[in-house]
Amino acid sequence: MKTFTAILRRAAVFAAVLAVLLAALTAAAAIPNERIYDNMLASALYYKDKEPFPFDSKMRLVQDNYADSILLNVAWNMGSGDPFRSALDTAYYDGDDGTIDYGENWGLYCAVTGIAEPNTDYTRYWHGTAGIIRLLMLFTDVSGIKLIGLIAAFVLLAANAALLIKKRQYFAAGALAASFLCVHMWNIRLSVEYQPAVLVTLALLPLYILYERNDGALSVLAVISGVMIAFFDFLTCETLTILIPLIIVFIMRKQDNKLPSLRSNMILMLKCGSAWGLSYAGTFLVKWSAASLVTGENKFIAALTSAEVRIAGEAEELSPVKQLFLAPAANISTLFGGTDRVDGGALAAGLLISAVVFGSVFYLFRSRKRFDRSFILTMLILGVLPFARFFLLNNHSYLHEFFTYRALASTILAFLAVWWYSIELRPKKKNPPAKGGKKHGRG
């Protein structure tokens, strides 16, 4: 009975959060397009002549103008017709006039200027970020929106660090900041689509910190995290929203000597992971169901076909097996400054330098007294989960490693935790002087 009540409570939270988000998206769709026309046109002109994926020396510097153009296109078309229907029946104009495909950037310009109507269904995502874009377009264009998102991310990171410091969790504060800086958080300024996963993670993290001791509250927060990332993100580095909070929770418990047994840790991970995963999947199912009811068309087919490509599709004539293992390699390569999708030199150099630096410190300052098998195994399990995502969605993770690699922030955070709590930085003890002072030679 207790378990059934807990499930009902979480289901109610799921429904309530999604209902509020849908209401907000509907309200944003109700904003007249005339009110946002000038800033939307300026944004369309900004993308009009740009390459879809401009490349500047390193893979981590790739701009996803393709995704941003589609997002703005969807946001603009939300302003047509009934707001509720428009929030669910999402579509855009892809720039193909039937004879020549001019691309999505040109398609955005055509949509905003009224040259063409939407011709591409895009109901497989919620596009919650499109609602925020419509709101912000009242005040600024896409360049301003990118800047606002970047500033918000750093403000939230600083706020989380400050909250951890207030709780005397100094290592957690430093490691959290380091993990996001290691995945070049400042580069989320390059595209609007790079920002939602980071912002949702950092916006919800204070609640995980405040309710760190309450397992029930943590699983409820996991439900909220799953709903929000599915609503706002388009499959970038969604695992951050559950793994970063859980790792921080376990670090806090370790620091306060309140870490339970490995079994208890596993139960909490399973509860929160299940709550997050079911909420994440459920949010998509609600979207496809609602869109099907509103349009009278089966939206599941297109969505599941796309999902099949992300999982089993082949890129650049790679064999499925080769792509399976190149997906994580591509993401690690990008982390270490790779200039190609899989840069062997950057991959090897990054791993080698990291092993030498952290390995040397570990060798010099390792501590058996601080070794905690339960904590280390907990961190290792959470730390390798992004790689499970890379393997599962290998086509997507290989082709889009220039943004999926940011999921490694949780791996870095877990690694730093294992390393830090396995060493002890203490000064060498000096031998006390002999009694009676220094002994002199015979007189």
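As the structure is a computational prediction, the values presented were derived from the model and not from experiment.

The rules we used
- Residues numbered from 1 in each chain as written.
- Predicted model: local features only at pLDDT ≥ 70, side-chain atom pairs only at ≥ 80, totals over all residues.
- Heavy atoms only, no water.
- Helix = DSSP H or I, 4+ residues; strand = E, 2+ residues; numbered from the N terminus.
- Rg over C-alpha atoms; globule rule 2.2 N^0.38 Å.
- Buried < 20%, exposed > 50% of the residue type's maximum accessible area, 1.4 Å probe, protein only.
- Expected span 1.5 Å × (residues − 1).
- Bend = angle between axes of the 7 residues up to and from the residue.
- Contact = heavy atoms within 4.5 Å.
- Polar contact = N/O pair within 3.5 Å; in protein donor to acceptor, adjacent residues only side chain to side chain.
- Axes fitted to C-alpha atoms, helices over the stretch in contact; angles between N-to-C directions.
- Parallel < 35°, antiparallel > 145°, perpendicular 65-115°, else oblique.
- Left-handed = near helix turned anticlockwise from the far one by under 90°.
- Nonpolar A, V, L, I, M, F, W, Y, C, P; charged D, E, K, R; others polar.
- 1 Å grid on protein atoms, 1.4 Å probe; cavity = no way out; pocket = protein on both sides within 12 Å on 5 of 7 lines; lining within 4 Å.
- Points joined across faces, edges and corners; volume = space filled by probe spheres on them.
- pLDDT = per-residue confidence, 0-100.
- Phe/Tyr/Trp six-rings, centres within 6.5 Å; stacked < 30°, edge-to-face > 60°.
- Lys NZ or Arg CZ within 6 Å of the ring centre and 35° of its normal.
- Salt bridge = Lys/Arg side-chain N within 4 Å of Asp/Glu carboxyl O.

Of regular secondary structure, the protein possesses 19 helices and 2 strands. Relative to a compact globule of 443 residues, whose C-alpha radius of gyration would be 22 Å, the protein shows 25 Å and is just as compact. For the C-alpha atoms alone, the extent of the protein along its principal axes is close to 105 × 60 × 45 Å. When burial is assessed residue by residue, the protein has 52% of its 443 residues classed as buried.

With 20 residues, helix α16 (residues 373-392) should reach 28 Å at 1.5 Å per residue; the first-to-last C-alpha distance of 28 Å fits that figure. The sharpest bend along α16 comes to roughly 30°, located at Leu385, with the proline Pro386 sitting one to four residues further on. Within α16 the residues assigned to the buried category are Ser374, Phe375, Ile376, Thr378, Met379, Leu382, Gly383, Pro386, Arg389 and Phe390. Residues of α16 that are buried in the fold lie against α11 (240-255), α12 (262-295), α14 (320-335), α17 (394-399), α18 (401-404) and α19 (408-420). N-cap assignment for α16: the residue whose side-chain oxygen lies 3.1 Å from the backbone N of Ser374 is Asp372.

One way to put it is that α11 packs onto α16 with a least axis distance of 10 Å and a crossing angle of 165°. On the basis of the axis angle, α11 is roughly antiparallel to α16. Between α11 and α16 the crossing geometry is left-handed. Together, Leu243, Leu246, Ile247, Phe250, Ile251 and Lys254 of α11 and Phe375, Thr378, Met379, Leu382, Leu385 and Pro386 of α16 make up the contact between the two elements. Residue composition of the contact of α11 with α16, by class: 10 nonpolar, 1 polar and 1 charged.

By the definition in use, this model includes 1 cavity of 30 Å³ or more. Along its surface, the largest cavity is lined by Leu71, Tyr125, His127, Thr129, Glu193, Phe232, Asp233 and Phe234. Classifying every residue of the lining of the largest cavity by side-chain character gives 4 nonpolar, 2 polar and 2 charged.

Our next topic: the confidence of the model for the protein. Averaged over the protein, the pLDDT score is 92; the fraction of residues at 70 or greater is 94%. Long-range and interchain partners of residues 439-443, a stretch whose pLDDT sits below 50, account for 0 contacts in this model, where long-range means more than four residues apart.

Our focus in this paragraph is the layout of surface pockets. In this approach a probe as big as a water molecule rolls over the atoms, and the regions it shows empty are the leftover space. Counted as a void, the largest pocket has a volume near 840 Å³. Listed by contribution, the elements that provide at least two residues to the lining of the largest pocket are α11, α12, α13 (300-312) and α16. Considered class by class, the residues forming the lining of the largest pocket number 22 nonpolar, 3 polar and 4 charged. Size it by volume and the second largest pocket reaches roughly 530 Å³. Lining the second largest pocket are 17 residues, and of these Ala6, Ile7, Arg10, Ser219 and Lys271 sit closest to its centre. Here the element with the most residues in the lining of the second largest pocket is helix α1 (residues 2-29); it accounts for 8 residues. Looking at the lining of the second largest pocket residue by residue, the classes come out as 7 nonpolar, 5 polar and 5 charged.

Applying the stated criterion across every chain yields a total of 26 aromatic pairs. Aromatic side chains Trp276 and Tyr280 sit 5.1 Å apart centroid to centroid with 10° between the ring planes, which places their arrangement in the stacked category. Residue Trp276 and its partner Tyr280 are both found in helix α12; the two are separated by 4 residues, about one turn of the helix. Comparing Trp276 with Tyr280 shows no difference in burial state: the two are buried. The ring of Tyr46 has Lys50 sitting right over it, with the charged end atom 4.6 Å from the ring centre. Positioned over the ring face of Tyr398 is Arg341, at 5.3 Å from the centre of the ring.

With that out of the way, let us pick up the pattern of salt bridges. Applying the stated criterion to the full structure yields 11 salt bridges. Taking the shortest distance from any N to any O, the salt bridge between Asp256 and Arg213 comes out at 3.2 Å. Of this pair, Asp256 sits in the loop between α11 and α12 while Arg213 sits in the loop between α9 (196-210) and α10 (215-232); the two residues are 43 residues apart in sequence, bridging distant segments of the chain. What makes Asp256 partly exposed here is its relative accessible area of 30%. Salt-bridge contacts for Arg253 lead to Asp215; the nearest nitrogen and oxygen are separated by 2.6 Å. Residue Arg253 is located in helix α11, and its partner Asp215 is located in helix α10; the two are separated by 38 residues in the primary sequence. Residue Asp215 is classed as partly exposed on the basis of its relative accessible area, which comes to 36%.

With 16 residues, helix α2 (residues 33-48) ought to run about 22 Å at 1.5 Å a step, yet its terminal C-alpha atoms sit only 19 Å apart, falling short of that. Within α2, the axis deviates most sharply at Asn39, by approximately 40°. Listed in full, the buried residues belonging to α2 are Asn33, Ile36, Asn39, Met40, Leu41, Ser43, Ala44 and Tyr47. Those residues of α2 that are buried lie in contact with α3 (65-77), α5 (104-113), α6 (128-136) and α7 (142-166).

A few words on the environment of Thr123. Secondary-structure assignment places Thr123 in the loop between β2 (120-121) and α6. When its relative accessible area of 1% is taken as the criterion, Thr123 is described as buried. For Thr123, the contacting residues outside a window of four places in its chain are Leu88, Asp89, Thr90, Lys287, Trp288, Ala291 and Lys299.

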